[in-house]
Amino acid sequence: MKNLKLFSEVSQNIQLHSTGDEAVQFAAYDIDQSRLFFASSTNFVYALHLSSFHNGRDCAKGLPVEVCSIDLEAGDFITAFDYLAEKESLLIGTSSGLLLVHEVESNVTELVGNIEGGVRCLSPSPTGDLLGLISGFGQLLVMTYDWDLMYERAVSEGGYVREADDVSVSCEGPSISWRGDGKYFATMGEVFESGSMHKKIKIWESDSGALQSSSETKYFMKGILEWMPSGAKIAAVYKKKSDDGCPSIAFLERNGLERSSFSIGEPGDANVAFESLKWNSASDLLAGVVSCKTHDAVRVWFFSNNHWYLKQEIRYPREAGVMVMWDPTKPTQLICWTLAGQVTVCNFMWVTAVMEDSTAFVVDNNKILVTPLSLSLMPPPMYLFSLSFSSAVKDIAYYSRNSKSCLAVFLSDGNLSFVEFPARDTWEDLEGRDFNAEISECKTALGSVTHLLWLDVHSLLCVSAYGSSQNKCLSSGSSETELHGSYLQEVEVVCHEDHVPDQVTCSGFGASVTSQTPLESPVMALAWNPSKRDSAFVEFEGGKVLSYASRSGFMETRINDNSISFPSACPWVRVAHVDAGGVQKPLVCGLDDMGRLYINGKSLCNNCSSFSFYSELDNEVVTHLIILTKQDFLFIIDTEDVLQGGEVALGNVYFVIDGRKRDEEVMSYVNVWEKGAKVIGVLNGDEAAVILQTIRGNLECIYPRKLVLSSITNALAQQRFKDALNLVRRHRIDFNVIVDLYGWQAFLQSAVEFVEQVNNLNHVTEFVCAMKNEDVTETLYKTFSFSKKRDKVLQAKDLSGNKVSSVLQAIRKALEEHIPESPSRELCILTTLARSDPPAIEESLMRIKSVREMELQNSSSDDNSSKKSRPSAEEALKHLLWLLDSEAVFEAALGLYDLNLAAIVALNSQRDPKEFLPYLQELERMSEPLMHFNIDLKLQRFDSALKSIVSAGDDYFPDCMDLIKKNPQLFPLGLQLITDLEKKQAVLEAWGDHLTDEKRFEDAATTYLCCFNLEKASKAYRECGDWSGVLRVGALMKLGKDEILKLAYELCEEVNALGKPGEAAKIALEYCGDISGGVNLLINAREWEEALRVAFMHTEDGLISVVKSSALECANGLVSEFKESIEKVGKYLTRTRRGSAASVTSSTATKARDLRRQRKSGKIRAGSAGEEMALVDHLKGMRMTEGGKRELKSLLICLVTLGEKESAQKLQQTAENFQVAQVAAVELADDTVSSESVDEELYSFERYALKTRSTGRGSDAFSWMLKVFVSP
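Definitions and cut-offs
Residues numbered from 1 in each chain as written. Predicted model: local features only at pLDDT ≥ 70, side-chain atom pairs only at ≥ 80, totals over all residues. Heavy atoms only, no water. UniProt positions renumbered as here; feature names shortened; annotations may be inferred. Buried < 20%, exposed > 50% of the residue type's maximum accessible area, 1.4 Å probe, protein only. Helix = DSSP H or I, 4+ residues; strand = E, 2+ residues; numbered from the N terminus. Pairing = 2+ DSSP bridges. Contact = heavy atoms within 4.5 Å. Polar contact = N/O pair within 3.5 Å; in protein donor to acceptor, adjacent residues only side chain to side chain. Core = buried A, V, L, I, M, F, W, Y, C linked by side-chain atoms within 4.5 Å. Axes fitted to C-alpha atoms, helices over the stretch in contact; angles between N-to-C directions. pLDDT = per-residue confidence, 0-100. Left-handed = near helix turned anticlockwise from the far one by under 90°. Nonpolar A, V, L, I, M, F, W, Y, C, P; charged D, E, K, R; others polar. Salt bridge = Lys/Arg side-chain N within 4 Å of Asp/Glu carboxyl O. Phe/Tyr/Trp six-rings, centres within 6.5 Å; stacked < 30°, edge-to-face > 60°.

The name given to the protein in an unreviewed UniProt entry is Elongator complex protein 1, with the source organism recorded as Brassica rapa subsp. trilocularis. Per UniProt, the protein has the following entry under Pathway (unreviewed entry): "tRNA modification; 5-methoxycarbonylmethyl-2-thiouridine-tRNA biosynthesis." Entered under Sequence similarities (unreviewed entry) in the UniProt record, the comment concerning the protein runs "Belongs to the ELP1/IKA1 family."

Caption draft 1: Region of interest: the pairing of strand β29 (residues 342–352). Judged by how many residues are buried, β29 sits mostly within the fold: nine of 11 residues are covered. The pairing of strand β1 (residues 2–14) with β29 spans 11 bridges and is classified as antiparallel. The residue of β29 that forms the bridge with leucine 4 is tryptophan 350. Pairing between strand β28 (residues 333–337) and β29: five bridges, direction antiparallel. Its bridge partner being in β29, leucine 334 is matched across the sheet by cysteine 346. Where β28 folds back onto β29 in an antiparallel hairpin, the turn is made up of four residues, including glycine 341, whose phi is positive at roughly 95°.

Caption draft 2: Quick peek at the environment of glutamate 438. Here glutamate 438 is to be found in the loop between β36 (434–436) and β37 (441–442). A relative accessible area of 48% means that glutamate 438 is categorised as partly exposed. Along the primary structure glutamate 438 and asparagine 415 are separated by 23 residues, whereas in three dimensions their C-alpha atoms are 9.9 Å apart. If we ignore the near neighbours within four places in the chain, the residues touching glutamate 438 are Ser417, Cys506, Ser507 and Gly508.

Caption draft 3: The arrangement of the side chain of serine 283 in detail. Along the chain, the position of serine 283 falls in the loop between β23 (273–279) and β24 (285–291). At 3.1 Å, the side chain of serine 283 forms a polar contact with the backbone nitrogen of serine 230. Excluding residues within four positions of it along the chain, serine 283 makes contact with Met228, Pro229 and Ser230.

Caption draft 4: Focus on the nonpolar core. If you look at the biggest cluster of nonpolar residues, it comprises 89 residues, and the most contacted ones within it are Leu946, Ile1067, Val1079, Val1107, Leu1192, Leu1195 and Leu1211. With 12 residues, helix α29 (residues 1101–1142) is the largest single contributor of residues to this core. Setting aside residues up to four positions removed in sequence, leucine 946 forms contacts with Cys960, Leu963, Ile964, Leu970, Leu973, Gly974 and Leu977. Within the second largest apolar cluster, 54 residues are counted, among which are Ile712, Ala746, Phe747 and Phe767.

Caption draft 5: The sheet that holds strand β54 (residues 633–638), seen in detail. The sheet built from four strands is open, its strands ordered β52-β53-β54-β57 with antiparallel pairing. Each end of this open sheet is capped by a strand with a single partner; those strands are β52 (608–614) and β57 (669–671). Direction aside, neighbouring strands of the sheet carry axes that sit 20° apart on average. Sheet strands touched by helix α3 (residues 705–717): β52, β53 (624–629) and β54. Its angle to β54, the strand with the most contacts, is close to 25°.

Caption draft 6: Spatial organisation of the confidence of the model for the protein. The share of residues in the protein with pLDDT of 70 or more is 87%, and the mean pLDDT across the chain is 82. When the criterion is pLDDT under 50, residues 160–171 qualifies, and its contacts beyond four places in sequence or with other chains add up to 32 contacts.

Caption draft 7: Expanded view of the packing of helix α10 (residues 823–834) against helix α13 (residues 873–883). For the pair α10 and α13, the least separation of the axes is 10 Å and the interaxial angle reads 35°. Seen from above, α10 lies across α13 with right-handed handedness. In contact with Leu827, Leu830, Thr831 and Ala834 of α10, α13 contributes Glu875, Ala876, His879, Leu880 and Leu883. Across the contact of α10 with α13, the residue classes break down as six nonpolar, two polar and one charged.

Caption draft 8: How the structure looks around the sheet that holds strand β21 (residues 247–252). The four strands are arranged β19-β20-β21-β22 in an open sheet whose pairing can be described as antiparallel. With one partner strand each, in any of the chains shown, β19 (220–227) and β22 (258–263) form the two edges of the open sheet. Across the sheet, the mean angle separating the axes of adjacent strands is 25° when strand polarity is ignored. As paired elements, β19 and strand β20 (residues 234–239) share four bridges and run antiparallel to each other. Each residue of the ladder has a partner; that of phenylalanine 220, found in β20, is tyrosine 238.

Caption draft 9: Inspection of the pattern of salt bridges at higher detail. Considering all chains together, one arrives at 35 salt bridges under this definition. Across the pair aspartate 592 and arginine 596 runs a salt bridge, and its minimum N-O distance is 2.9 Å. Looking at aspartate 592, the relative accessible area reads 3%, which means it is buried. For arginine 596, a relative accessible area of 30% puts it in the partly exposed group. Residue arginine 847 is joined to glutamate 826 by a salt bridge in which the shortest nitrogen-to-oxygen separation is 3.0 Å. With a gap of 21 residues between them, arginine 847 in helix α11 (residues 841–858) and glutamate 826 in helix α10 connect regions that are remote in the sequence. For the residue pair arginine 847 and glutamate 826, the accessibility class agrees, reading buried in each case.

Caption draft 10: Just the side chain of threonine 765, in detail. Mapped onto the fold, threonine 765 is located in helix α8 (residues 761–769). With a relative accessible area of 14%, threonine 765 lands in the buried category. In this structure, threonine 765 is in contact with Cys828 and Thr831, ignoring residues within four places of it in sequence.

Caption draft 11: Spotlight on the packing of aromatic side chains. Taken as a whole, this structure holds 39 aromatic pairs when the rule is applied. An angle of 50° between the planes, with centres 5.3 Å apart, marks the rings of phenylalanine 421 and tryptophan 427 as tilted. In this structure tryptophan 427 comes out as buried when scored by relative accessible area, which is 0%. Counting every residue linked through ring pairs, the aromatic cluster contains Phe251, Phe262, Phe274, Trp279, Trp301, Phe303 and Trp308.

Caption draft 12: Spotlight on the pairing of strand β25 (residues 296–304). A large share of β25 lies buried, amounting to eight of its nine residues. For β24 and β25, the ladder comprises seven bridges, and the chain directions are antiparallel. From the neighbouring strand, valine 289 faces β25, where its bridge partner is valine 298. In sequence, β24 turns back onto β25 through a hairpin of four residues. Sheet topology places β25 next to strand β26 (residues 307–316); nine bridges connect them, and they run antiparallel. From the neighbouring strand, phenylalanine 302 faces β26, where its bridge partner is tyrosine 309. Hairpin geometry of β25 and β26 is characterised by an intervening segment of two residues between the two adjacent antiparallel strands and by a positive phi of about 50° at asparagine 305.

So this is what it looks like as structure tokens:
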């Protein structure tokens, strides 16, 4: 669905050498230097550079060209003409048979051959190694560029030989056309058959000259023969007997068989004749010169979906004798020239036929095929209805705003037509109809319109050209004007008839030019400005963009204080109306021929093949940019992400996908499966679709996940729950998106509105079944970046709640309160219960049970109202079993202690009666408590089972004890339920045994005490090492004095063996009366003050001397240890300084690795990279512990008390020196270990030690010191 638009038409006139009857008859193209060569009837050759057309200005006067004359004898003239790129020369054939090579640069002509009968036509092969030539006698000659003849064949058949004087410049007679690869060529020769002259096409092999195939004999016109460059088809023109003289274009295959054909005129139109036919280099466009009754026309056809469309028609006067050729390097550039020397370069471009509102207007000759894609996705040539005009359609402009739709059409005869459409919801009634649009009244000359745009419903903006020969074939108003050049014109449109609702208005329109602005530079594109009323953007050649406002003229375009100018000319320009932080601004997008896409003049993508806009809103604000790259990746981009602060936030790197890996983190693109497809349009709003057209012509409608999720977000922001649910169902999106995007706690408040809007219990049931406890926007759809409009959705996330249960409860409440009773409502409510987390199976079964009871009650009555409002119990149960596991439902039915309901569940779950009936019958024979107990045991509801077995009576107490012992968590409940004291004591003892087995001896001892089992309590205390508890229980057991003493000695040894000499000393002193042993134990525990107190209390000199000698021995040992530690600190500090200097270049990773190795080995390896770090850690580990400080202070006090002041002072000074050295060394190492260079004076150990000694004595770290021994 695309149209061919003529966006540039530049004409130049060649200054012919002769002023008489000289006419330009032949043309040739030099690809290397972009030159055109023309040969005239007076044997002059003109060279024209295409660069002279690049300024885009029409030249009314003659264009200076290079001219040379070919010297021929009188009466001899040029009959064939071409350019040989290999020889950089012109190849010329004459009527007398001369074959000339004219070197352009040196202007030297060389005779290379003489063809008997004259040169009829010549054609070089595409490969540049062979030359095909047909003589005036109809002989085919194929030769090399060394002018060696390879072979000669007869083209004509039937014994007919043309006289030499028949050779002329006309297209009648034989012709040659090569296939693109040069392996084959086709000729058209005359055949005398059945008394009349016909023609036949023959296919030859170029190397051997062998005839491969030939066509049927037909009435081919004028020797027109054109082989498609791709080699698929051979085009020729002939008249069919059934067409009443109207010619047709036929397409033949290499085997000579006709594949297809189409008529170029209306049936019965015998005045139509064909002059020439040309394929473009891409083999997708076919141009031909058609001679009509009043004019000649250059027509361009395009093939798609097995249909040939006439996409463009350019009219010339018949006397102009127009001829055409395609630019070999540019598939959409057509070069036209006339006999008088006017050369026109026409530049075409493909534009999508799909407009902003998804309406397709496909141009086909004088018809426009109309298809609203939002109603029906039908590819052309199918359509909903059509519009017919008086002549071929050249350009269209569509207006669809403010509920009004209009179409402006510029025709090839220079007239304007207008069509006004009814409301979109009535278009289905127009299916299959054809509407004839009348020509509008226009008294002012419009010229040749190349660009057409609606400013508003009553105003058009167009670019018109005046002064070329084509204007003579336009409407009378256009041909009488004296204007010349290009103008930007405003055209006022007036409708003299009232528009009939629900009807297409095709008449009564008038147009008049209200303003004309001359253009100094060619216009490349017009684009409507949606941000400003009655204004548009105009792009000129070179990429400069100006803003045009009605009645104000041109002004510089500025966005964000920056002027807009594309780096290169962009034929495809569209403007998006975007919302930038609450301010609506235009986004000017331009795409050039190389695939570079620009946004407001800044580069966005370098490999774009097509782009479009998508709006999820109803106010024409564009929310997404759709870009399809040449690598067939479709990108969906938020417009708010394209530009940030006036700068392009994305670059070309964003649009380049490495084929070796998939982008799994940002799913912003879709891999289009059809190579070469193009984006032709979108379906805005909730449709969320992108329409692609393949090369074959088929339409593909895709729904990118990003657009669909964005539409769902937008619908939720507007609280359109029904639309959001329909989008989710249609596109198979996870239903949790609705709750997660809206916020599940906010959804609880809107559950009633959700249910009422959806108003379809089946859809609500689908929604309920899909609920799960996860945020799918963070899991399943985390790769999609949602639109910022999600902020408008009421977000209230709380991870502490249960999403599923809360949402289903809210929906269940809304169903019960706002939806009338019906079977569907009851089934939906059952679904909410079954899908809760955890499933509320018992509540569901209770509802089914109530329905069953109502059925039993109403079975004898004739009341059918309840049957209509509720489903049957069997139907409800089957629905529940479909939602849940049948085993779980059966167990839940058992849990209700309803054996009948359990049997019904089992039967409906397709279970074998042999499996469940004996079990149910056995339960039915039991007493109610015992039945409950067995059911609870099966369901592992042990709390309920214990209650049931306790209520069953004393006879089942052993079963009760077995249950409690197997499930220890039941001990507290058992103590609460069992009231008999004896049985409670048994439970407590069993609990104590369990705790003992669990090695929880202290809790076990307490439990044994509760049941007065003192022996087990004593044993438990002894196992946990609680000697005090053992002795307390011993007192409760009424042990004798000797037994207590023996027990105390045993405990004293056990506690001392456990490494608790202090507590063992208490037992020895308090229970055993062993003073000497107690003091020795206190000395071992380093409790010097307590040991001295006990010795003084018993006034035994022997004990005091023991304490004194032990204290002195300990003090001397500590002094030695402290001195040795001081030496180690010095050594470690020295190694730290040396290691830091040696390994200053070592990396941190290497140091950490070596440190881990040294820790594992237990040694610090000298010279290693991590030595200094290990030494620092070791220094930190040498600090005095709190327990050591406490013991040291106790020892100092003991020594002072015993009169050993000198020993105490010496010990304190040594200990202080060690602590000062250790603290200072650690601080110094921390400050210097990472330094590359160290100031020895600043970072000296003596300085740090002095600082530590002066500041540390008043800190808690030195609080163990006795003030009396502190040195000044």
